Amino acid sequence: LNEETLTGLLDRLVDREERAVKIRCDEPALRRRIADTDREAIRLAKAAAAAPPAQAFGLMRKREAQIDNLVLQRIEAAQDRLLDILEALDVEVRIKSDADQPAARGERTLLHLAALVDRGGHAHLDMALDELAAELAPEGFTIERSGPWPPYSFADGGGGAELEVA
């Protein structure tokens, strides 16, 4: 880094702090909810219960494929919702890590982000994340936050994995 670049970076980070945001999914809970509420999954389960064994097997495989598809759709929708909220708040975001990381209680971390906010100006972010957490909780999603942290994820001069949402 040259002096000009370093000065620009420091100016961008002064009076700012990093907040970590993770979205997690209890996939078994999400699968159960979909199995109990999706009309097609329910119909296939009832049809399998009344069918001969070979046909029942095929129907249950269709049911599982239906549930798998809906789980993926809900996970993508939850991630998109989080990113939309951050974009609406004009928050600079960096991806800290991607999906498939195991977490406590059988949950899976879907997305781990760093959000750069003005020092002490995180109330809107917290409120929006609280609303999102309440919206997604019935399906087995959780939103975890931590911070404030020094803005380490943003101190690389722009060479990191930046997510263009702001």
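Residues numbered from 1 in each chain as written. Predicted model: local features only at pLDDT ≥ 70, side-chain atom pairs only at ≥ 80, totals over all residues. Heavy atoms only, no water.

What follows concerns the overall build of the protein chain. Tallying secondary structure elements over the protein chain gives 5 helices and 6 strands in all. Along the protein chain, helices (α) and strands (β) appear in the sequence α-β-α-α-α-β-β-β-α-β-β when read from the amino end. Counting every position in the protein chain, which comprises 166 residues, the buried fraction comes to 38%. In the protein chain, 79% of the contacts between residues at least 6 apart in sequence involve partners at least 24 apart. Carbon and sulfur atoms provide 53% of the accessible area of the protein chain, an area that totals close to 9500 Å². (Helix = DSSP H or I, 4+ residues; strand = E, 2+ residues; numbered from the N terminus. Buried < 20%, exposed > 50% of the residue type's maximum accessible area, 1.4 Å probe, protein only. Contact = heavy atoms within 4.5 Å. Areas by Shrake-Rupley, 256 points an atom, 1.4 Å probe, with all protein chains shown as cover.)

This part takes up the pattern of salt bridges. Applying the stated criterion across every chain, the model contains 13 salt bridges. Put simply, R63 and E64 hold a salt bridge, and the shortest N to O gap is 3.2 Å. Two residues, D130 and R145, come together in a salt bridge whose shortest N-O distance is 2.6 Å. Taken together, the positions of D130 in helix 5 (residues 123-136) and R145 in strand 5 (residues 141-149) put the pair 15 residues apart, joining distant regions of the chain. (Salt bridge = Lys/Arg side-chain N within 4 Å of Asp/Glu carboxyl O.)

So, on to the nonpolar core. With 30 residues, the main nonpolar core has I23, L30, I75, L82, L86, L113 and F141 as its most contacted residues. For this core, the secondary structure elements donating two or more residues are strand 1 (16-25), helix 2 (27-37), helix 4 (53-88), strand 4 (108-118), helix 5 and strand 5. Dropping the residues within four chain positions of it, I75 is found in contact with C25, E27, L30, R108, L110 and F141. Formed by 5 residues, the second largest nonpolar core is a distinct cluster that contains L44, A48, A56 and L59. (Core = buried A, V, L, I, M, F, W, Y, C linked by side-chain atoms within 4.5 Å.)

In this section: unusual backbone geometry. Residue P148 follows G147 across a cis peptide bond; omega there is 15 degrees. Within the secondary structure, P148 sits in strand 5.

Next up on the list: helix 5. Turn by turn, an α-helix covers 3.6 residues, leaving residues three or four places apart pointing in a common direction. Helix length check: helix 5, at 14 residues, gives a terminal C-alpha distance of 20 Å against a target of 20 Å (1.5 Å per residue), a fit within 8%. Of the positions making up helix 5, those classed as buried are L125, D126, A128, L129, L132 and L136. Taken end-on, helix 5 shows its buried residues confined to a sector of 165 degrees, consistent with a single buried face. Those residues of helix 5 that are exposed and aimed more than 90 degrees away from the buried face are A123, H124, E131 and A134. Where the residues of helix 5 are buried, they touch strand 1, helix 4, strand 4 and strand 5. (Expected span 1.5 Å × (residues − 1). Arc of directions from axis to C-beta.)

Turning our attention to helix 2. Those residues of helix 2 not exposed but buried are A29, L30, I34 and A35. For helix 2, the secondary structure elements touched by its buried residues are strand 1, helix 3 (39-50), helix 4 and strand 5.

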